[in-house]
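So the chains spell out like this:
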Amino acid sequence: MRPEPSFDEFMAARWAALYRTAYLLTGGHHQAEDLLQDVLARTCLRWGSIRDKGAAEAYVRRGLAHQASRQWRRRGRETPTEVLPEEGHDGGLEVRADHLALWEQIRRLPPRMRATLVLRYLEDRSEQETADLLGVSTGSVKSQTHHALARLRAAMPEMELS
Amino acid sequence: MSEKTRIRTTLHEVEEAVAVPAYDGSVVAARARSIRRRRRTAGALAGTAVVAVVAAGVGLLPGAWPGDDPGPVATDGWAAAGPGAGVHGVPVVLDGSVQRVDDDGTLTDTGLRGQVVGVVRDRVVVLDGDRLIGAGGHVEGVVAAYADPTGVTYQRADGAVLREGVGGVDADGVTGRLVGAGAGGFATLEGVVVTLHDADGAHRLDLGSDAATPRPDRVQVGGGTVVVTDSSTVSVLDLAGTRRSGFLGGTTGALSADGATYAYAPTAAEVDRGMRPGLFSYDTGSGQTRRTALPAAALDLTWYDGGLYVLTEDGDTRTLWACDQTCDQLLVDDGGTLGLR
């Protein structure tokens, strides 16, 4: 029988993928690193009690969404990001110009709206799953999605997001 | 390209393109140590308060468990010996064994098996068949038992209700079934009649003329508060049996040891019936209710050391949460056997 991976082995294998998710959830490198390190530290403490190590990544991903949601609550009322968390970061992203423009607008969304889009559209989670992960109602997920799309449409009429 | 597809494609492309910094395990390890230190500090402060209260009552203890060697401290039945001694944390049952979960989510086996009755002076008390085990000793022929932080009340097969610990009430010749107990007294159920027994005698509970609680199935006693639940309603009363309040739903809940808070959370069936998800803390004094987000349907709740713990279920996965202003994941069991009792 294959031995269970240690926490370090797990992280060495999954760090990059988890970092990418944290980046999309937070919209910035510093915030992503801080969020992921926090969730990993908590996971490290509980590593011995995670009985199915094969489910550890799902556990961390749930933790990312949950912890991000908690941080937003602690910060109080969300406000749209008029000033991007990291100026000029886009120079490092080699993506199509129209996609980069859309990502810039997604980054400007309030954190919960952005996370809702990531969970719903990228991870293809249901409204109920998204609500559970973010600790909100399904009604809130619907509302956040609706308002996020409305903002994107308003910001990018030339993209024909309809 | 549809709106959803365009967003998905963009997110995928950004996900692939983002520069990933190298993993630094030492930073994560340092943060883990920091979290552990904070939790231990908080735990030590809470523990100090509990020890101070309990220590004041030690001299009042009636004696050791039957069969215990009283030892040099003759009045302290909850000696630091026997199964589970020196282990801390909320008790859970996992794969049939009684374990304790500390603030970091670490499990420690107590060596005990059976139904968790509660924790008395940080010792887990269990009922294994008709054997009540705790404090390094045991009592045979027990049919029901309820524990609170200062003692355990149990009923023998002959009906007698006995108390080991601080406070509580003893009684012989009790005809009803013991269904709940606390430091202030105990409750019995006979047919559909709940009777409270405190230092002033026996009081039949007034559960309302509308028969809103026709078949009580659980009674919890904490401080001067009694909570009676049936399949769909919760009634809050005082020790004299006078009804103070009540509400529909919320029957999966736990009353704090001081009786100040009744915490409840809807089960999957209740959510399906339209109950709002979340954890609700009902202040039995003011009648105010506070809601805390809880991302899954509840299975059970318990109080330990002044803290609230909620067990949720999502498919085969059961999760234990430590809840205060928010609920933090403490333990995840993908085997689906985790329980609080």
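All values reported here derive from a predicted model rather than from experimental measurement.

All names here are of chain B. Taking strand neighbours across the sheet as the criterion, the four strands line up as 4-5-6-7 in an open arrangement whose pairing is antiparallel. Unpaired on one side and paired on the other, strand 4 (115–120) and strand 7 (137–139) mark the two borders of the sheet. Shown here is a sheet whose adjacent strand axes are inclined to one another by a mean of 20 degrees, direction ignored. When strand 6 (residues 131–134) meets strand 7, the two strands line up antiparallel, connected through three bridges. Following the sheet pairing, glycine 134 is matched in strand 7 by glycine 137.

Turning our eyes to something else, we now look at unusual backbone geometry. The backbone of aspartate 124 of chain A sits at a positive phi, close to 60 degrees, despite the residue not being glycine. Following the sequence through the fold, aspartate 124 of chain A ends up in the loop between helix 5 (111–122) and helix 6 (127–134). Of note, the phi angle at aspartate 95 of chain B is positive, near 55 degrees, even though the residue is not glycine. In this structure, aspartate 95 of chain B sits in the loop between strand 1 (90–94) and strand 2 (97–101).

Residues and elements named next belong to chain B. Going through the model one piece at a time under the given rule, you end up with one disulfide over all chains. Between the sulfur atoms of cysteine 323 and its disulfide partner cysteine 327 the distance amounts to 2.2 Å. The sign of the S-S torsion, about 115 degrees, decides the handedness of the disulfide formed by cysteine 323 and cysteine 327: right-handed. Owing to a relative accessible area of 10%, cysteine 323 belongs among the buried residues under this scheme.

Listed by partner, the interface residues are 48 residues for chain B and 53 residues for chain A. Together, the buried faces of chain B and chain A total about 4,700 Å²; carbon and sulfur atoms form 60% of this surface. Counting the surface chain B buries against chain A, the share from its top three residues, Glu3, Leu11 and Tyr23 of chain B, is 15%. For the pair chain B and chain A, the number of links is four salt bridges. Between glutamate 3 of chain B and arginine 153 of chain A there is a salt bridge; the shortest N-O distance is 2.8 Å. Put simply, chain B and chain A have nine residue pairs in polar contact (both at pLDDT 80 or more) between them. Of all the elements in the fold, those that place two or more residues in the side of chain B that touches chain A are helix 1 (3–17), helix 2 (25–57) and strand 26 (327–333) of chain B. Of the residues in the side of chain B that touches chain A, the class split is 23 nonpolar, nine polar and 16 charged.

Conventions and cut-offs
- Residues numbered from 1 in each chain as written.
- Chains lettered and ligands numbered in written order.
- Predicted model: local features only at pLDDT ≥ 70, side-chain atom pairs only at ≥ 80, totals over all residues.
- Heavy atoms only, no water.
- Pairing = 2+ DSSP bridges.
- Helix = DSSP H or I, 4+ residues; strand = E, 2+ residues; numbered from the N terminus.
- Axes fitted to C-alpha atoms, helices over the stretch in contact; angles between N-to-C directions.
- Disulfide = S-S within 2.5 Å.
- Buried < 20%, exposed > 50% of the residue type's maximum accessible area, 1.4 Å probe, protein only.
- Contact = heavy atoms within 4.5 Å.
- Buried area = accessible area lost by both parts, 1.4 Å probe.
- Salt bridge = Lys/Arg side-chain N within 4 Å of Asp/Glu carboxyl O.
- Polar contact = N/O pair within 3.5 Å; in protein donor to acceptor, adjacent residues only side chain to side chain.
- Nonpolar A, V, L, I, M, F, W, Y, C, P; charged D, E, K, R; others polar.

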